[in-house]
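Structural description and commentary
Below, each chain spelled out in residue letters.
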Amino acid sequence: MSPTDDTRGTVIPAHLLKGQKALVTGANSGIGRATAVAMGRAGADVVVNYVAGEEEADKVVEEIQAFGVRAAAYRADVSAEDQVVGMVNRMVEEFGTIDILVANAGMQRDAPFTEMTLAQWQKVIDVNLTGQFLCAREATKEFLRRGVVPEVSRAAGKIICMSSVHQIIPWAGHVNYAASKGGVQLMMQTLAQELAPKKIRVNAIAPGAVKTPINRSAWDTPEAEEDLLRLIPYDRVGDPDDIAHAAVGLASDLMDYVVGTTLYVDGGMTLFPGFATGG
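1. Notes on the overall build of the protein
Helix and strand counts for the protein stand at 8 helices and 7 strands. Relative to a compact globule of 279 residues, whose C-alpha radius of gyration would be 19 Å, the protein shows 18 Å and is just as compact. For the protein, the spread of C-alpha atoms along the principal axes amounts to about 55 × 45 × 40 Å. Long-range contacts, defined as pairs at least 24 residues apart, comprise 73% of the intrachain contacts of the protein with a sequence gap of at least 6. Roughly 12,900 Å² of accessible area belongs to the protein as shown, and the carbon and sulfur atoms make up 55% of that amount. If the 25 positive side-chain charges of the protein are averaged to one point and the 34 negative ones to another, these points end up 6 Å apart.

2. Details of the nonpolar core
As a rule of thumb, nonpolar side chains are buried together in soluble globular proteins. Leu17, Ala36, Met39, Val46, Val48, Ile64 and Ile205 are the most contacted members of the largest nonpolar core, which has 35 residues in total. Residue assignment for this core shows that the elements contributing at least two residues are β1 (21-24), α1 (30-41), β2 (45-50), α2 (54-65), β4 (100-103), β5 (157-162) and α7 (240-251). The element that contributes the greatest number of residues to this core is α7, accounting for 7 residues. In this structure, Leu17 is in contact with Met39, Ala42, Gly43, Ala44, Ile100, Val248, Ala251 and Ser252, ignoring residues within four places of it in sequence. In this structure, Val47, Phe95, Ala105 and Cys135 belong to the second largest nonpolar core, which totals 34 residues.

3. Side note on the environment of Ser163
Topologically, Ser163 is positioned in the loop between β5 and α5 (175-195). Take Ser163: its relative accessible area is 3%, and that puts it in the buried class. Taking C-alpha positions, Ser163 is 14 Å from His174, a pair spaced 11 residues apart along the chain. What Ser163 contacts, discounting residues up to four positions off in sequence, is Lys181, Val184, Ile205, Ala206 and Pro207.

4. Here's the deal with a nonpolar patch on the surface
A surface patch of nonpolar side chains, amounting to about 420 Å² of accessible area, comprises Phe113, Leu118, Trp121 and Val175. The class of Leu118 is exposed, set by a relative accessible area of 64%.

5. Quick look at the pairing of β5
By the criterion of burial, β5 is predominantly enclosed, with 6 of the 6 residues buried. Here β5 shows a buried face lined by Gly157, Ile159 and Cys161 and a second buried face lined by Lys158, Ile160 and Met162. Judged from the 4 bridges that link them, β4 and β5 form a sheet pairing that is parallel. Of the residues in β5, the one forming a bridge with Leu101 is Ile159. The parallel pair β4 and β5, bridged by helix α4 (residues 118-146), forms a crossover whose chirality is right-handed. In terms of strand pairing, β5 meets strand β6 (residues 200-207) through 6 bridges, oriented parallel. What sits directly across from Lys158, in β6, is Arg201.

6. Description of the packing of aromatic side chains
Within this structure, the stated rule accounts for 1 aromatic pair. Ring centres of Trp171 and Tyr177 lie 5.7 Å apart, and the angle between their planes is 75°; this geometry places the pair in the edge-to-face category. A cation over an aromatic ring shows up here: Arg90 above the ring of Tyr74, its NZ or CZ 3.9 Å from the ring centre.

7. Quick look at the sheet that holds strand β3 (residues 71-75)
Across a sheet, strands are paired by hydrogen bonds formed along the backbone, either parallel or antiparallel in direction. The sheet built from 7 strands is open, its strands ordered β3-β2-β1-β4-β5-β6-β7 with parallel pairing. Strands with a single pairing partner mark the edges of an open sheet, and in this sheet they are β3 and β7 (262-265). Strand-to-strand, the axes of this sheet are offset by a mean angle of 20°, without reference to chain direction. With 3 bridges joining them, β1 and β4 adopt parallel strand pairing. Each residue of the ladder has a partner; that of Val24, found in β4, is Val102. In the packing of α5 onto the sheet, the strands contacted are β5, β6 and β7, and the crossing angle to β6 comes to about 160°. Lying on the sheet, α7 is in contact with β4, β5, β6 and β7; it crosses β6 at an angle near 165°.

8. Remarks on helix α3 (residues 81-95)
Along its 15 residues, α3 runs 21 Å from first to last C-alpha, staying within 8% of the 21 Å computed at 1.5 Å per residue. Residues Val84, Met87, Val88, Met91 and Phe95 constitute the buried set of α3. Around the axis of α3, the buried residues are gathered within 90° of arc, so they sit on the same side. What points out from α3, more than 90 degrees from its buried face, is the exposed set Asp82 and Glu93. Positive phi shows up at Gly96, right after α3, with a value of about 100°.

Procedures and definitions
Residues numbered from 1 in each chain as written. Predicted model: local features only at pLDDT ≥ 70, side-chain atom pairs only at ≥ 80, totals over all residues. Heavy atoms only, no water. Helix = DSSP H or I, 4+ residues; strand = E, 2+ residues; numbered from the N terminus. Rg over C-alpha atoms; globule rule 2.2 N^0.38 Å. Contact = heavy atoms within 4.5 Å. Areas by Shrake-Rupley, 256 points an atom, 1.4 Å probe, with all protein chains shown as cover. Lys, Arg positive; Asp, Glu negative; His and termini not counted. Charge placed at Lys NZ, Arg CZ, Asp CG, Glu CD. Core = buried A, V, L, I, M, F, W, Y, C linked by side-chain atoms within 4.5 Å. Buried < 20%, exposed > 50% of the residue type's maximum accessible area, 1.4 Å probe, protein only. Patch = residues over 30% accessible without salt bridge, like charges linked within 9 Å, V, L, I, M, F, W, Y side chains within 5 Å. Salt bridge = Lys/Arg side-chain N within 4 Å of Asp/Glu carboxyl O. Pairing = 2+ DSSP bridges. Right-handed = clockwise from strand over helix to strand, strands pointing away. Phe/Tyr/Trp six-rings, centres within 6.5 Å; stacked < 30°, edge-to-face > 60°. Lys NZ or Arg CZ within 6 Å of the ring centre and 35° of its normal. Axes fitted to C-alpha atoms, helices over the stretch in contact; angles between N-to-C directions. Expected span 1.5 Å × (residues − 1). Arc of directions from axis to C-beta.

Here's what the structure looks like:
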């Protein structure tokens, strides 16, 4: 397999993000890992953020370095302001700047509404929403300080917020998660409106069902996968690379006129497939 091929054989041009510096949060597994690797494959130097799982993060770094680019693993809790400030400052010091932020770190703490504790509610909001706010704020400070460098990118900076189809689809038993992703949608749009005149592009990706550790029980048996596929018109469960490819595209100058948009990568889940026969 060549350095530009992913596990499904899709070719990502190795020069697409050449010379750019990317920070991917929650990048030691799942969607974050695939995105960090794809950024490196496309020519970017990559910081792999993690909060736990140092060994896994180091493996991601090694995989990215095999593409001939720089990579490093930084431990930081995205919900802790001092740690986010320290992480971005360290990246600017060691890598020179930041061009791309993929605010991916997220979590679930599921419970029926009347049984959900305040701690479960607050933790998910802190990581999924406040964490994206903090990372975007600190990255934007560097984008504004540096401005546009035309030989690197047409934009001063790119922010990709990792949302979910549940920013628009209610999800019983997951009120904290759905609320956090609904917040991400309007946060992204508001940031895009405010920052576009500064040539900073802010967009989001909303994955549907994707095979990641966070939702393993929904797809890791034939019975579970068959049940899940009833919600997906395209008749397959997504792979982390599906999201990673979307992130690379949004981060590149190929998408320079895309601002304030959510890209749904969901196999058609947001088409509400039940209405194909039940409407």
